[in-house]
Amino acid sequence: MTQHVKNKSLRQTAYEYIKRKILSCEYEPGMFLNEQQICDEMGGISRTPVRDALGRLEQEGLLNIIPKKGIMVSDLKLNDINSIYEVRLLLEPYVLRRYGSRLDPVKLKRFEEIMSDPGRASSDSQYYFFDLDDQFHGFIMYSMKNRYLNDAYSNIYNMNQRIRVLSGTNVQNRIAATFAEHLEIVEACLAKDWEKAALSMSSHLRNSMTATFQMITENAQKF
């Protein structure tokens with residue numbers, strides 16, 4: 001392995017390590033990070049790849065590098081969550097109206113099959129539910145060929161992972177409803193009724209926002 005490839009590998013490894021810690025809230029919102037401590041956690045790697053990773057994560061909005069203070073994990077407050085849903089309500093219905101015709105009908109049929117059977121998500125499979133939710137919304141969002149909107153969605157996706165951790169993972173009361181709401185969106189897409197699909201997406205996101213704030217209220221000490 002050449003030194004260039006090795007350095008690139010270390011930068012990517014450091015980036016993925018720190019990002020995973022942030023998204024899992026092991027590095028909590030508002031927490032200050034220490035470069036040397038991260039280097040030690042990663043087995044004593046040099047500061048260069050860690051510093052590179054921190055810079056990338058700052059660009060993604062997950063870190064704030066504050067002069068004379070240090071490196072702080074971006075905070076996450078109720079207003080931030082409200083803003084995230086505000087963007088999603090603008091973006092996701094728009095994508096269905098503007099780019100829905102690009103959606104792969106074979107994948108849509110597969111989602112229809114899955115969403116028609118909410119029993120797939122059993123009482124101990126909330127992480128399956130999270131993964132499926134990510135796949136579904138990602139499938140729709142990445143149908144567009146606009147890298148700026150894709151970047152915006154990627155940032156929202158990152159924040160959504162943190163919201164889930166902080167608000168708690170007890171989402172069983174939303175699983176059946178979410179499957180039904182997703183199915184309504186899919187069926188509208190298969191019928192090529194993009195306006196109905198967009199309206200169904202708006203309704204789904206509003207329901208999701210209400211459930212998120214309810215979970216946050218139950219876990220208020222984390223916020």
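Residues numbered from 1 in each chain as written. Predicted model: local features only at pLDDT ≥ 70, side-chain atom pairs only at ≥ 80, totals over all residues. Heavy atoms only, no water.

A.B. asks: Before we move on, could you go through the packing of helix α4 (residues 78-99) against helix α9 (residues 194-218) and cite the residues and values that matter?
C.D. replies: With their axes 8 Å apart at the nearest point, α4 and α9 run at an angle of 165° to one another. The pairing of α4 with α9 is recorded here as roughly antiparallel in orientation. Helix-helix and strand crossings are classified by hand; for α4 and α9 the assignment is right-handed. (Axes fitted to C-alpha atoms, helices over the stretch in contact; angles between N-to-C directions. Helix = DSSP H or I, 4+ residues; strand = E, 2+ residues; numbered from the N terminus. Parallel < 35°, antiparallel > 145°, perpendicular 65-115°, else oblique. Left-handed = near helix turned anticlockwise from the far one by under 90°.)

A.B. asks: I'd like a description of helix α7 (residues 147-167), backed by residues and values.
C.D. replies: Since one α-helical turn is 3.6 residues long, residues separated by three or four positions face the same way. The end-to-end C-alpha separation of α7 is 30 Å, in line with the 30 Å expected for 21 residues at 1.5 Å each. Taken residue by residue, α7 has Asn-150, Tyr-153, Ile-156, Asn-158, Met-159, Asn-160, Gln-161, Arg-162, Ile-163, Arg-164, Leu-166 and Ser-167 as its buried positions. (Expected span 1.5 Å × (residues − 1). Buried < 20%, exposed > 50% of the residue type's maximum accessible area, 1.4 Å probe, protein only.)

A.B. asks: Please give an account of helix α5 (residues 105-115) that cites residues and values.
C.D. replies: Along α5, the residues that are buried comprise Leu-108, Phe-111, Glu-112, Ile-114 and Met-115. All buried residues of α5 fall inside an arc of 165° around its axis, so they share one side. (Arc of directions from axis to C-beta.)

A.B. asks: How would you explain the packing of aromatic side chains if you had to name every residue and give the values?
C.D. replies: Summed over the entire model, instances satisfying the criterion amount to five aromatic pairs. Aromatic pair Tyr-94 and Tyr-99: ring centres 6.4 Å apart, planes at 85°, arrangement edge-to-face. Ring plane angle 75° and centroid distance 5.4 Å describe the contact between Phe-111 and Phe-136, whose orientation is recorded as edge-to-face. Here Phe-136 lies in helix α6 (residues 126-141) and Phe-111 lies in helix α5, a separation of 25 residues in the sequence. On the basis of relative accessible area, Phe-111 is assigned to the buried category, the value being 8%. Given the relative accessible area of 0%, Phe-136 is considered buried. Arg-56 extends its terminal NZ or CZ atom over the ring of Tyr-15, reaching a point 3.6 Å from the ring centre. The ring of Tyr-99 carries the charged tip of Arg-98 above its face, separated from the ring centre by 4.9 Å. (Phe/Tyr/Trp six-rings, centres within 6.5 Å; stacked < 30°, edge-to-face > 60°. Lys NZ or Arg CZ within 6 Å of the ring centre and 35° of its normal.)

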